[in-house]
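Below are the chains, spelled out letter by letter.
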Amino acid sequence: MRIIESVTEMQQQAEAWRREGKRIALVPTMGYLHEGHLALMREARNHGDEIVVSIFVNPTQFGPGEDFERYPRDMERDVLLAGEVGVTAAFSPPVKEMYPERYQTFVEVMEVTRPLCGRSRPVHFRGVTTVVTKLFNVVKPHAAVFGEKDFQQLTVIRRMVRDLNMDVRIIGHPIVRESDGLAMSSRNVYLTPTQREAALNLSRALAEAEQLANGGERRGPIILGKVKERIDSNGELRIDYAELCNPETLEDVIELRGPTLLALAAFVGSTRLIDNRVLKVPAE
Ligand code: AMP
């Protein structure tokens, strides 16, 4: 597997592949790879001949006081893991390569970035859409794979690609979980054993909400009440948000009348975790 750190070199490689008629599939990541990332890479093999994983902890998507500096990194291990699942190249530019001096251009998606994570992380999605646009211009993929773990991010990217006529097919991949239900995340490494145990309440709350919806409960506030009760049941978790929304527009849902996204974010200590599930309510 090739490791490419330079934008120009990546662009030249992408052009060469395209001239040979190869299809390129990209999996953007911030590294510290886990099974969730690897599942995206395996999925990418169905959409491209050459698979590129980008490994870049993107400073513009972190707010002040967030964990940019301490975000876990292990390039050597990442390269080994990505190589094992058939990735052709890892694009891992230094920050200065992506944001040289006097950098001043950003891509901003409006409405769908406002609720949920947008509320507590106001600059986050602007950073995400900017870096993903840059990655598309550098890696020139035909397709890109994103995880539903970051459901709002996937919605935002789909919106951006449509609105800006980007010629990239966006593929979503279901959340990959640990055997006990915890959604895999590079940030799980921050958790102490007690915090990790407490964090299980997120996936439990989602499962309980699904049971309620399957049992016919259609009142959003009742479902959210139970979800919050479960998350609060152990003093370790502090809810950032627990919301029901339309999976396409991300608008609030009060009464469930079709598939509804239940999205959660909570702090355990200083670690912020997210999780979600689409409640399969038949459309009325
Ligand atoms: P990250 O490195 O956390 O920025 O994630 C890179 C990509 O992997 C994003 O598209 C995430 O949604 C996806 N991802 C992260 N964790 C998971 C997971 N547990 N299951 C599925 N996709 C994931």
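What counts, and where the lines are drawn
Residues numbered from 1 in each chain as written. Predicted model: local features only at pLDDT ≥ 70, side-chain atom pairs only at ≥ 80, totals over all residues. Heavy atoms only, no water. Helix = DSSP H or I, 4+ residues; strand = E, 2+ residues; numbered from the N terminus. Buried < 20%, exposed > 50% of the residue type's maximum accessible area, 1.4 Å probe, protein only. Contact = heavy atoms within 4.5 Å. 1 Å grid on protein atoms, 1.4 Å probe; cavity = no way out; pocket = protein on both sides within 12 Å on 5 of 7 lines; lining within 4 Å. Points joined across faces, edges and corners; volume = space filled by probe spheres on them. Pairing = 2+ DSSP bridges. Axes fitted to C-alpha atoms, helices over the stretch in contact; angles between N-to-C directions. Parallel < 35°, antiparallel > 145°, perpendicular 65-115°, else oblique. Near = heavy atom within 4 Å. Polar contact = N/O pair within 3.5 Å; in protein donor to acceptor, adjacent residues only side chain to side chain. Areas by Shrake-Rupley, 256 points an atom, 1.4 Å probe, with all protein chains shown as cover. Nonpolar A, V, L, I, M, F, W, Y, C, P; charged D, E, K, R; others polar. Core = buried A, V, L, I, M, F, W, Y, C linked by side-chain atoms within 4.5 Å. Right-handed = clockwise from strand over helix to strand, strands pointing away. Expected span 1.5 Å × (residues − 1).

Undergrad: Give me the side chain of Q61: which residues, what numbers.
TA: Along the chain, Q61 turns up in the loop between β3 (50–55) and α3 (75–84). Take Q61: its relative accessible area is 10%, and that puts it in the buried class. Excluding residues within four positions of it along the chain, Q61 makes contact with M30, E66, R121, H124, G127, V128 and V131.

Undergrad: Which residues make up the layout of surface pockets, and what values go with them?
TA: Any empty space left between the atoms is revealed when a probe the size of a water molecule rolls over them. Of the pockets and cavities examined, the second largest pocket occupies roughly 490 Å³. Around the second largest pocket, the lining comprises 20 residues; the ones closest to its centre are F151, T155, P247, E248 and V278. Elements represented by at least two residues in the lining of the second largest pocket include exactly α7 (151–163) and β9 (271–279). Per element, the largest residue contribution to the lining of the second largest pocket is six residues, and it comes from α7.

Undergrad: Can you break down the sheet that holds β9 residue by residue, with the values?
TA: The antiparallel open sheet is built from three strands, whose spatial order is β7-β8-β9. Bordering the open sheet on either side are β7 (237–245) and β9, each of which pairs with just one other strand. Mean inter-strand twist for the sheet, computed between neighbouring axes without regard to direction, equals 15 degrees. Here β7 runs beside strand β8 (residues 260–268); their pairing, made up of eight bridges, is antiparallel. Each residue of the ladder has a partner; that of C245, found in β8, is L261. Relative to the sheet, helix α8 (residues 193–214) contacts β7, β8 and β9, its axis offset from that of β9 by approximately 15 degrees.

Undergrad: Got a sec to walk through the environment of P100? Specific residues and values, please.
TA: Among the secondary structure elements, P100 is positioned in the loop between α4 (95–98) and α5 (117–120). Taking the C-alpha atoms as reference points, P100 and E15, 85 residues apart in sequence, are found 23 Å from one another.

Undergrad: Account for the packing of helix α1 (residues 7–19) against helix α6 (residues 124–139), naming residues and giving values.
TA: Interhelical geometry of α1 versus α6 gives an angle of 55 degrees and a closest axis separation of 7 Å. The orientation of α1 relative to α6 falls into the category oblique. Residues V7, M10, Q11 and A14 of α1 lie in contact with α6, whose contacting residues are N137, V138 and V139.

Undergrad: Describe the site of the ligand, and please don't skip the residues or the numbers.
TA: For the ligand, the set of nearby residues contains 17 residues, the closest of which are H37, G147, D150, V176 and M184. Within the backbone of M30, one N or O atom sits 2.9 Å away from an oxygen atom of the ligand. Surface burial for the ligand is 93%, taken as the share of its 480 Å² of free accessible area covered by protein chains. Taken together, the elements giving at least two residues each to the shell around the ligand come down to β2 (24–29), α2 (35–44) and β5 (143–147). Counting residues per element, the shell around the ligand draws most heavily on α2, at three residues. A per-class count over the shell around the ligand returns nine nonpolar, six polar and two charged.

Undergrad: I'd like a description of the side chain of T155, backed by residues and values.
TA: With respect to the helices and strands, T155 occurs in helix α7. Judged by its relative accessible area of 9%, T155 is buried. Beyond its immediate stretch of four places on either side in the chain, T155 contacts V112, P247, E248 and L250.

Undergrad: Describe the nonpolar core, naming the residues involved and giving the relevant values.
TA: By size, the foremost hydrophobic cluster in this structure holds 44 residues, and its most contacted members are V52, F91, F136 and I170. For this core, the element with the highest residue contribution is α6, accounting for eight residues. Core analysis: the next-biggest nonpolar cluster, separate from the first, contains 26 residues, L182, L206, V227 and L264 among them.

Undergrad: Which residues make up the pairing of strand β6 (residues 169–173), and what values go with them?
TA: Where a strand is regular, its side chains alternate between the two sheet faces. Here β5 runs beside β6; their pairing, made up of five bridges, is parallel. From the neighbouring strand, F146 faces β6, where its bridge partner is G172. Assessed by its sense of winding, the connection that carries the chain from β5 through α7 to β6 is right-handed.

Undergrad: For α7, give the residues involved together with the corresponding values.
TA: An ideal rise of 1.5 Å per residue puts 18 Å on 13 residues; α7 measures up with 18 Å between its terminal C-alpha atoms. Turning to α7, its buried residues number three or more, namely F151, Q152, Q153, L154, T155, V156, I157, M160 and V161. N165 lies just past α7 and shows a positive phi near 55 degrees.

What is shown is where atoms sit, not what they do.
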